[in-house]
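# Summary of the model geometry
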Protein chains: 2
Amino acid sequence: MIDEVRQRFGSKAAITDAGDIEPWLTDWRGRYHGKAGAILAPASTAEVAEIVNLAAQCRVPLVPQGGNTSMVGGATPPPDGSALILSLRRMSAIRSISAEHNVAVAEAGVILAHLHEQAAAVGRRFPLTLGARGSCTIGGLVSTNAGGTQVLRFGTMRSLIAGLEAVLPDGSIHDGLSGLKKDNRGYSLDQLLIGAEGTLGIVTAASLRLVPAVHSRAVGWAGVRDPGAALALLRDFEARTDAIEGFELVPGDSLALVLKHVPSTRPPLEKPHSWNVLIEATSATAELDPVELLQTLLAKAIETKLVEDAMVASSEAQAEALWKIRDSISEAERSEGPSTAHDISVAVADMPQFLLNSKVEVERAFPGAVASAFGHLGDGNLHFHVRAGSRAASDWIEREGPAITQLVDDLVTQAGGSISAEHGIGQMKRTELERLAPPGDLAALKAIKRALDPLGIMNPGKLL
Amino acid sequence: MIDEVRQRFGSKAAITDAGDIEPWLTDWRGRYHGKAGAILAPASTAEVAEIVNLAAQCRVPLVPQGGNTSMVGGATPPPDGSALILSLRRMSAIRSISAEHNVAVAEAGVILAHLHEQAAAVGRRFPLTLGARGSCTIGGLVSTNAGGTQVLRFGTMRSLIAGLEAVLPDGSIHDGLSGLKKDNRGYSLDQLLIGAEGTLGIVTAASLRLVPAVHSRAVGWAGVRDPGAALALLRDFEARTDAIEGFELVPGDSLALVLKHVPSTRPPLEKPHSWNVLIEATSATAELDPVELLQTLLAKAIETKLVEDAMVASSEAQAEALWKIRDSISEAERSEGPSTAHDISVAVADMPQFLLNSKVEVERAFPGAVASAFGHLGDGNLHFHVRAGSRAASDWIEREGPAITQLVDDLVTQAGGSISAEHGIGQMKRTELERLAPPGDLAALKAIKRALDPLGIMNPGKLL
């Protein structure tokens, strides 16, 4: 099969040098290791289709890969070497971009940061962003229904996709790139492929929505009594403006850890508060000043006692300093010793109660451990971390990790939430999905997988 | 099976009186006629699940029905009497509604107008609306991914659904009502059920997004050179404001027909224009005056020559009069003789060219016929009508209708568009879907159907 691919599409289309393959056999966190006899790298959708046909004929599974930034081992081949990697990186064209129609058609291998630049070059913005933006690709973002930090206003990838092009497991090409706003011709294959982690076909391109570029932004910080007050504050703001793009909840002890461990960080407010909120507001025009808007909103919130104290950054440097506090929480926690991290979500309305309850439950079940939850309040998405505490042994994560994960997953499932908010299932969460998904839902997912990929050649060992 | 249902759930749960069943055997347009030995009417999701289990045991197909307002025969039972109707009308509770969290959980049998009222009662709005709002139900709106007149700003049902509850063909209950904003646990069953026309399961409830209530609205009318100018006008407005909710394209000859046939209609502008646009802008707060906004936008557009002439209604009565013109086009055309109607869509950017080309093509292929396209420009959704013309025989629709439909469907497919923008496939468009859908897509749809409903008990003869 490798020879056939090379013969048809040239030497660039089949990488077999062990040194060239090596970096793509392990996920970026170094947790999962696989083997593959080659990386196939088609240059076009037609080539992907031919490779999928060959894979079906030869019964060789394909592991689609973009930037290899999966958090759950979703792009790592199986360890037995039975599969080949299908890299989409050579398909890196932005086929079209229109400021007038606010749409870009990007191939699967386009790196997110490149799309950001190209959108900016036409005076627009692709609003989804996340830490891996310099290496993650559109195909992976689609296939994991990626979230990130700007979901509050513009939603996850699902909300930003107007249509998809993909090669289905039978080698046929699905073309939804015309991006119809109204289309009722049965089950939506586009929607089915979003978040399917490459197990139902290979996403080769996406038609993506653009939004107005940011003219200016304001970043503020508020001290609040508890998560309920933070949520009431968000709802109050949402009723008054569309401009809120970031609303991050930060517990008082997480802030204290950042101030303790991270150099050149300063407390944003005069006194410590039990809970804090970082707020970002943006404006697309010169007519709306987001700093003025945020000051007005916060002043009203202090009057109504929703907020205990607040400030708005008076310079871009100060704004960056506030975001640095938020982005340093994980680093600060690592300075205190080992911790587990859980990517979970609940309904936004349930978030305040869940934050408080789950901390109590976890700390009761694991004496000495410290649970800390922070994150995107407006999305119901928590970064739930559990630290070992000072007296923990060095092998704490190995010994306690799986049981902590099970408890956190149990709690979030009982609350009607999700054990995977934005990272997907991949290899890492398969056992937990099998354990906790409603049996009827799981049976439906497996039936769909069998129906569309009866030979099992699409990203084996992931998701299901 | 009927006796069993009656015994378990009482006499209200199984209607067998022929006179009571009769009105539900024919679609509201009177095109499709079916037979059914009973209407089963469960009162809860648990009862629906039991009925689906019974149906599987007895191999009796179920035809889910809400308000019976399908435009494509999607809720009419098969003529051989092999199926039973499953009416969701008794499941008519709004289980919860929250102004704070902008969400309502409505059962499948809730009538759209009732949801509108309940949302208004808490100071919010459910923004999707359409002609059948007094009888259509939430379950049907979900299962047909309904569109309507306000899609421009808030999208189709798909955009307004936070999560679904449904009974799958194996009798299991899928519960997605918690409405997570971030949830990446594999293929989305919610998304698969939206627009599935009841062929993959029975939608029993939906978690629906609410938006701020309308404080005031403005309705304007503009004369433009051609559809390209109309689209440029829309894009210009969209870049300046989020307030535009309606943007309806009206050809000059359609306006002339309305003025000729519909009593007490008057020309909105001094002179006739080749094309016209009806624009509605709304505001949720007293701070933004939509009349002033629309006047400013239109004045600028006259300066830049995007618009030839324009006016903004100065009273609610005048606003209603403008909408009456738009809503009377079909009636006015009927006064000119028989016509065919086609529910189609193309990409918004392709709309101006398609409008002009398709008229030429159809009129060339059917000499004497008059094609007229109008509708929701911002959604790419056309109401494409073909009139017989003055010399047509009385059986014109019977003789020419199918060939006209095929040509229109060919043209829209060649343009990358959809043969069903918002009505679905039902019984009416099955043959055309089979003829025109890409074979790979069609095979995938059929494989999904077989996988989830192997016994074929879910709305037989619809969609696929």
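Please read all numbers here as calculations on a predicted model, not as lab measurements. (Residues numbered from 1 in each chain as written. Chains lettered and ligands numbered in written order. Predicted model: local features only at pLDDT ≥ 70, side-chain atom pairs only at ≥ 80, totals over all residues. Heavy atoms only, no water.)

We now examine the overall build of chain A. When its secondary structure is counted, chain A shows 17 helices and 18 strands. Since a compact globule built from 464 residues should have a radius of gyration of about 23 Å, the 23 Å found for chain A is in line with a globular shape. Seen along its three principal axes, the alpha-carbon backbone of chain A occupies a region of about 70 × 55 × 45 Å. Buried positions account for 58% of the 464 residues belonging to chain A. Contacts in chain A between residues far apart in sequence, at least 24 positions, make up 73% of those at least 6 positions apart. (Helix = DSSP H or I, 4+ residues; strand = E, 2+ residues; numbered from the N terminus. Rg over C-alpha atoms; globule rule 2.2 N^0.38 Å. Buried < 20%, exposed > 50% of the residue type's maximum accessible area, 1.4 Å probe, protein only. Contact = heavy atoms within 4.5 Å.)

Under the UniProt annotation, "domain: FAD-binding PCMH-type" (unreviewed entry) lies at residues 32-213 of chain A. Overall, residues 32-213 of chain A shows 24% helix and 23% strand. The separation of its end C-alpha atoms is 39 Å. (UniProt positions renumbered as here; feature names shortened; annotations may be inferred.)

Here we take up the interface of chain A and chain B. Contacts between the two partners involve 67 residues from chain A and, on the opposite side, 68 residues from chain B. Taking both sides of the interface into account, the surface hidden between chain A and chain B amounts to around 5300 Å²; carbon and sulfur atoms contribute 58%. Contact with chain B buries surface across chain A, with Lys182, Asn184 and Tyr187 of chain A losing the most and accounting together for 20% of the total. Ionic pairing is found between Asp379 of chain A and Lys182 of chain B, a salt bridge with its closest N-O pair at 3.7 Å. There are 34 residue pairs in polar contact (both at pLDDT 80 or more) connecting chain A and chain B. Contributions of two or more residues to the side of chain A that touches chain B are made by α6 (151-154), β9 (173-175), α8 (189-193), α9 (227-240) and α17 (439-452) of chain A. If you tally residues by element for the side of chain A that touches chain B, the top one is α17 of chain A, at nine residues. (Buried area = accessible area lost by both parts, 1.4 Å probe. Salt bridge = Lys/Arg side-chain N within 4 Å of Asp/Glu carboxyl O. Polar contact = N/O pair within 3.5 Å; in protein donor to acceptor, adjacent residues only side chain to side chain.)

Turning our attention to the sheet that holds strand β10 (residues 202-209) of chain A. Strand pairing in a sheet takes place through backbone hydrogen bonds and is either antiparallel or parallel in direction. Residue and element names in this part refer to chain A. Strand order in the open sheet formed by five strands is β5-β6-β10-β8-β9, and the pairing between neighbours is antiparallel. Strands with a single pairing partner mark the edges of an open sheet, and in this sheet they are β5 (94-98) and β9. Across the sheet, the mean angle from the axis of one strand to that of its neighbour is 15°, orientation sign disregarded. On the sheet, helix α4 (residues 112-121) packs against β5, β6 (103-107) and β10 and is oriented at approximately 35° with respect to β5. (Pairing = 2+ DSSP bridges. Axes fitted to C-alpha atoms, helices over the stretch in contact; angles between N-to-C directions.)

This part is about the sheet that holds strand β14 (residues 275-283) of chain B. All names here are of chain B. Read from one edge to the other, the open sheet built from seven strands follows the order β15-β12-β14-β13-β17-β18-β16, with strand pairing classed as antiparallel. Edge strands, defined here as strands with exactly one partner in the open sheet, are β15 (309-312) and β16 (339-345). Pairs of neighbouring strands in the sheet enclose a mean axial angle of 15°, with direction left out of account. Sheet analysis places strand β13 (residues 244-251) next to β14, joined by seven bridges and oriented antiparallel. Counterpart to Gly246 in the pairing with β14 is Glu280. Helix α12 (residues 316-327) contacts β12 (216-224), β13, β14, β15, β17 (370-376) and β18 (381-387) of the sheet and is inclined by roughly 50° relative to β12. Set on the sheet, helix α14 (residues 351-365) makes contact with β13, β14, β16, β17 and β18; between it and β18 the angle comes to about 15°.

Once that is clear, we can look at the domain arrangement of chain A. Segmentation of chain A into domains returns domain 1 (2-87), domain 2 (94-212), domain 3 (216-330) and domain 4 (337-423). For domain 1 of chain A and domain 4 of chain A, the distance between their C-alpha centroids amounts to 35 Å. (Domains from an automatic or database assignment.)

Moving on to the relation of the copies chain A and chain B. For the match of chain A to chain B, the screw axis carries a shift of 0.0 Å, the RMSD comes to 0.0 Å, and the turn is 180°. What the rotation and shift describe, once combined, is the action of a two-fold rotation axis. The share of interface residues of chain A whose copies in chain B are also at the interface is 100%, consistent with both copies meeting through the same surface. (Least-squares fit on C-alpha atoms with pLDDT ≥ 70 in both.)

Before going further, it helps to examine the pattern of salt bridges. Taken as a whole, this structure holds 54 salt bridges over all chains when the rule is applied. One salt bridge connects Glu4 of chain B with Arg8 of chain B, and the closest N-O pair in it is separated by 2.8 Å. Here Glu4 of chain B and its partner Arg8 of chain B are both found in helix α1 (residues 2-9), four residues apart, which amounts to about one turn of the helix. The partly exposed category is assigned to Arg8 of chain B, whose relative accessible area is 39%. For Arg364 of chain B, the salt bridge identified is with Glu361 of chain B, shortest N-O distance 3.6 Å. Of the two residues, Arg364 of chain B and Glu361 of chain B are both situated in helix α14; the distance of three residues between them amounts to about one turn of the helix. Overall, the relative accessible area of 31% leaves Glu361 of chain B in the partly exposed class. Several salt bridges converge on common partners, so that one network encompasses Lys181 and Lys182 of chain A together with Asp379 and Glu422 of chain B.

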